[in-house]
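Read off the chains here:
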Amino acid sequence: MPAAKFQILRKCQICGEEFLAKTLDSWNCSPRCSRIASKRKKDEEERQKRLDEVVKNLPKGQDFIKVSEAYALFGISRDTLYRLIRKEAITHINLGTNQIRVSKTELMKLYPLRQKASTKKKPAAKLYSLEPKDCYTIGQVTEKYRIHDSTVYHHIRKYSIPTRQIGNYVYVPKKEIDNLYKGVKK
């Protein structure tokens, strides 16, 4: 496989070392860091699912809730909740050993509800100006970033970048292309 004619300098999201990305999708410097990132993402998704399950099983009319349920509902740490209890900033009831209940209504006044991980919002549709003054031609992109035109077409298809053809020229939005190739050394 031929090497790319451009270089993308990035910082690894796991270890923080700078590296030359081989593709536009490379965010980690090594397979080891990629596995760690993948495991972290999977663990975070499972954690969010468990918290969603706790929130789903929470009785609706109950005003005093457990600390673990407050953590799942509001996404604030247990230490923060116990600090609020010690400062008497929120009303709480102690029902015995490890059975502290906190006021849900007072917590709702202080903190917003935790965003649900399973609820994925559809991204807002982007509006593009495909006028020639706001766009590059494919030839301009290849000259500016020193990339072969077939690579540019491949990235346009892969990342669903809109195009407009006027005569023999294909125009792509400057903003999207600059954003796509922002780490590329010119």
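Residues numbered from 1 in each chain as written. Predicted model: local features only at pLDDT ≥ 70, side-chain atom pairs only at ≥ 80, totals over all residues. Heavy atoms only, no water.

Here's the deal with the pairing of strand β1 (residues 8-11)
For the record, the criterion: Per-residue accessibility, obtained with a 1.4 Å probe over protein chains only, is compared with the maximum for each type, and a residue is labelled buried under 20%, exposed over 50%, and partly exposed between these values. Secondary structure elements follow DSSP: runs of H or I no shorter than four residues count as helices, runs of E no shorter than two count as strands, and numbering proceeds from the N terminus. In this analysis, strands are considered paired if DSSP registers two or more bridges between them.
Every second residue of β1 is oriented toward a common face, the buried set being Ile8 and Arg10 and the non-buried set Leu9 and Lys11. Bridge analysis of β1 against strand β2 (residues 18-21) gives 4 bridges, and the strand direction is antiparallel. Residue pairing for β2: Arg10 is matched across the bridge by Phe19.

Considering the sheet that holds strand β5 (residues 100-103)
Sheet strands line up and pair through hydrogen bonds in the backbone, either parallel or antiparallel. Operational definition: To obtain an axis, a line is fitted to C-alpha atoms, over the contacting stretch when the element is a helix, and the angle between two such axes runs from 0 to 180 degrees between their N-to-C directions.
With antiparallel pairing, the 3 strands of this open sheet are ordered in space as β3-β5-β4. Lying at the two open borders of the sheet, with one neighbouring strand each, are β3 (64-66) and β4 (92-94). Direction aside, neighbouring strands of the sheet carry axes that sit 30° apart on average. When β3 meets β5, the two strands line up antiparallel, connected through 3 bridges. Each residue of the ladder has a partner; that of Ile65, found in β5, is Val102.

A word on the packing of helix α5 (residues 138-145) against helix α6 (residues 149-158)
Going by this rule: The scheme is simple: roughly parallel for angles under 35 degrees, roughly antiparallel for over 145, roughly perpendicular for 65 to 115, oblique for anything else. Definitions for this section: a left-handed crossing has its near helix turned counterclockwise from the far helix by less than a right angle. A right-handed crossing has that turn clockwise. Here, residues are in contact when the closest pair of their heavy atoms is within 4.5 Å. Gly counts as polar in this scheme, as do all residues outside two lists: the nonpolar Ala, Val, Leu, Ile, Met, Phe, Trp, Tyr, Cys and Pro, and the charged Asp, Glu, Lys and Arg.
For the pair α5 and α6, the least separation of the axes is 9 Å and the interaxial angle reads 110°. By the criterion of interaxial angle, the relationship of α5 to α6 is roughly perpendicular. Taken as a pair, α5 and α6 cross one another with a handedness that is right-handed. Contacts between α5 and α6 involve Ile138, Val141 and Thr142 from the first element and Asp149, Val152, Tyr153 and Ile156 from the second. Classifying every residue of the contact of α5 with α6 gives 5 nonpolar, 1 polar and 1 charged.

What about the sheet that holds strand β6 (residues 135-137)?
With respect to topology, 3 strands assemble into an open sheet ordered β6-β8-β7, the strand pairing being antiparallel. Two strands in the sheet have a free side with no partner beyond their single neighbour: β6 and β7 (164-166). With strand direction ignored, the average angle separating the axes of adjacent strands in the sheet is 35°. Across 3 bridges, the pairing between β6 and strand β8 (residues 169-173) is antiparallel. Note on β8: the bridge partner recorded for Thr137 is Tyr171.

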